[in-house]
Amino acid sequence: MSKEYNIAVIPGDCTGPEVVDEGIKALEAVSLKCGVGFKLNEFSLGGAQYIENGTLLPEDILQELSEMDAIFLGAIGHPDVKPGILEIEILLKLRFELDLYINLRPVVLFPGVDTPLKNKGPEDIDFVVIRENTEGMYAGSGGFFRKKTPDEVAVQESINTRKGVERCIRYAFEYCVNRNKDKHLTLCGKRNVLLYESDLWYRVFNEVQKDYPDVQTEYQHVDALCMWIIKNPEQFDVIVTNNMFGDIITDIGAIIQGGLGIAAGGNINPEGTAMFEPIGGSAPKYTGMNKINPLAAISAVQMMMEYLGENDAAKILLVAIKNVLRNDLKNMEAGKMGYGTSEVGDLVVSYIHNHI
Ligand code: IPM
Ligand code: MN
């Protein structure tokens, strides 16, 4: 074994630990098969810790996480904690403080998985959304004036820096060049209304495009793009967009690829560390029931292997996931899979073992 990766594991809340267990099971199996060395470092963060002693994301943990090769996150979100606290103080703080400025979300329909889109199949649904992950409406800029009076004002500003926009767009062009599809990059914005923000994105997009003459580019307004993703998903290869639009369109992406049980994403700092997660949230009502689909978490591990350059491991994991979807799972939804959470993990492991 040449290198030993330091991987942080944050199981998080509710069903997070259950799916993380299956992700680790798959990681262990594929690493053994491919000779990938790793050390797991577990961090207890989330609603339970917050309720117990007020801990959210301490500085020393943040420092340790910044030194990891990669981070594997289950889910953050607890039914007994008011919305906004854990999300902002843990998940968004991780993205911001570690400067994980790319949120990479593949939208791929695998054979055997149902999509709600009529007459569309795996050959039609295969694109990647690159969402800016540290700025925009998520930057937390704004405030109240005369709060809770009849004259109340609420301001929520969208922050877009030239540097932030450019590095995201550049990453998208690079990604598009290296992706084995149409070399077609769509910028998603709202130029007809957001005269400043979308104008900056549009100008930077056109400037950076000059460095990538082989990439075919297109601009779409976000509302129209939401429609086209449903109507003609096959027209998309790579989409680049801001934080808020990216959040919304990737939920549409998740449902057309079979739902939150399969959708995974990477929060990436190309010059630093990266954090991989199933994007479905903590699904509190299924906690401890062995019903939730772990394939999104296993796909997050697959993306992590790809990011680390462990291409054989990534490939074997992908084949195993596809096999389970094609041959075994009845349905993608929690409780309807025909197997429990841990059995789905076992199936993935058996395909990894049997891979020739
Ligand atoms: C996501 C989630 C988060 C986001 C929430 C939990 C803060 O919806 O990762 O897409 O809005 O980014
Ligand atoms: Mn979201």
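This is a predicted model, so every value here is computed, not measured.

**Student:** Mind showing me how you'd approach the site of ligand 1 here?
**Tutor:** What surrounds ligand 1 is the set Glu87, Leu91, Arg95, Arg105, Arg131, Tyr138 and Asp247. Tyr138 places a polar side-chain atom, nitrogen or oxygen, 2.6 Å from an oxygen atom of ligand 1. Asp247 is positioned such that a nitrogen or oxygen atom in its side chain is 2.9 Å from an oxygen atom of ligand 1. With the chains in place, 75% of the 310 Å² that ligand 1 exposes on its own is no longer accessible. The element contributing the most residues to the shell around ligand 1 is helix 4 (residues 85-97), with 3 residues. In terms of residue class, the shell around ligand 1 is made up of 2 nonpolar, no polar and 5 charged.

**Student:** Even after reading the chapter, I still don't get the side chain of Gln220, so can you show me in this structure?
**Tutor:** Among the structural elements, Gln220 can be located in strand 9 (residues 216-221). At 2.9 Å, the side chain of Gln220 forms a polar contact with the side chain of Gln235. If we skip the residues at most four places from it in the chain, Gln220 touches Thr186, Leu187, Cys188, Gly189, Leu225, Trp228, Gln235 and Phe236.

**Student:** Any chance you could explain the domain arrangement of the chain here in plain terms?
**Tutor:** How big an interface is tends to be stated in terms of the accessible area lost upon association of its parts. Split into domains, the chain comes out as domain 1 (1-100 + 270-356) and domain 2 (115-257). Here the C-alpha centroids of domain 1 and domain 2 sit 25 Å apart. A per-residue breakdown of the area domain 1 buries against domain 2 is headed by Arg95, Phe96 and Asp99, which together make up 55% of the total. Counting across the interface, domain 1 meets domain 2 through 1 salt bridge. Note that Arg167 is salt-bridged to Asp99, the shortest N-O span being 2.8 Å. Counted by class, the side of domain 1 that touches domain 2 contains 5 nonpolar, no polar and 2 charged residues.

**Student:** I tried to follow a nonpolar patch on the surface on my own but got confused; where do I start?
**Tutor:** Where nonpolar side chains cluster on the molecular surface, the patch consists of Phe145, Val153 and Val155 and spans about 240 Å² of accessible area. Within the fold, Phe145 resides in strand 6 (residues 142-145). Residue classification places Phe145 among the partly exposed residues on the basis of a relative accessible area of 48%.

**Student:** Explanation requested: the sheet that holds strand 5 (residues 126-132) in the structure shown.
**Tutor:** An order of 2-1-3-12-11-4-5-10-8-9 is seen for the 10 strands of this open sheet, with the pairing classed as mixed. If you trace the sheet from one side to the other, it starts and ends with strand 2 (37-42) and strand 9, each paired once. When the angles between neighbouring strand axes are averaged without regard to direction, this sheet yields 25°. Sitting on the sheet, helix 6 (residues 197-209) is in contact with strand 5, strand 8 (184-189), strand 9 and strand 10 (238-241), with an inclination near 165° to strand 8.

**Student:** Would you mind going over the pairing of strand 5 with me for this structure?
**Tutor:** Two faces belong to every sheet, and in a regular strand the side chains alternate between them. Most of strand 5 is tucked away, with 6 of its 7 residues classed as buried. When strand 5 meets strand 10, the two strands line up parallel, connected through 4 bridges. Counted as the bridge partner of Val129 is Ile239 from strand 10.

About the thresholds
- Here the residue index of a chain counts from 1 through its sequence in written order.
- Here the convention is simple: chains get letters from A, ligands get numbers from 1, in the order in which they are written.
- Local features in a predicted model are, by the rule used here, given only for residues with pLDDT of at least 70; side-chain atom pairs are given and counted only at 80 or more, and totals for whole chains, interfaces and linings are based on all residues.
- Excluding hydrogens and water, the side-chain values take into account all heavy atoms of the structure.
- We define proximity as follows: a residue is near a molecule or strand when any one of its heavy atoms falls within 4 Å of that partner.
- Polar contacts, as used here, are pairs of N or O atoms within 3.5 Å; protein pairs need one atom able to donate a hydrogen and one able to accept it. Residues neighboring in sequence count only if both atoms are side-chain atoms.
- Each accessible area value is a Shrake-Rupley result obtained with a 1.4 Å probe; residue values ignore everything except the protein chains displayed when judging cover.
- Comment: elements are numbered from the N terminus, with helices defined as DSSP H or I runs of at least four residues and strands as E runs of at least two.
- For this scheme, ten residues count as nonpolar: Ala, Val, Leu, Ile, Met, Phe, Trp, Tyr, Cys and Pro. Four count as charged, namely Asp, Glu, Lys and Arg, and the remainder, Gly too, count as polar.
- Contacts are assigned to residue pairs with any non-hydrogen atoms lying within 4.5 Å of each other.
- An automatic or database domain assignment supplies the start and end points of every domain.
- As a working definition, buried area equals the accessible area (1.4 Å probe) given up by two parts on being put together, with both sides summed.
- Whenever a carboxyl oxygen of Asp or Glu lies within 4 Å of a side-chain nitrogen of Lys or Arg, that contact is scored as a salt bridge.
- A patch is a set of surface residues, each over 30% in relative accessible area and not in a salt bridge, joined within 9 Å for like charges and within 5 Å for the nonpolar side chains Val, Leu, Ile, Met, Phe, Trp and Tyr.
- Using a 1.4 Å probe on the protein chains alone, a residue whose accessible area is under 20% of its type maximum counts as buried, one over 50% counts as exposed, and one in between counts as partly exposed.
- By this definition, two strands are paired if DSSP reports at least two bridges between them.
- Only the stretch in contact is used when a helix axis is fitted, and all axes are lines through C-alpha atoms; the angle between N-to-C directions ranges over 0 to 180 degrees.

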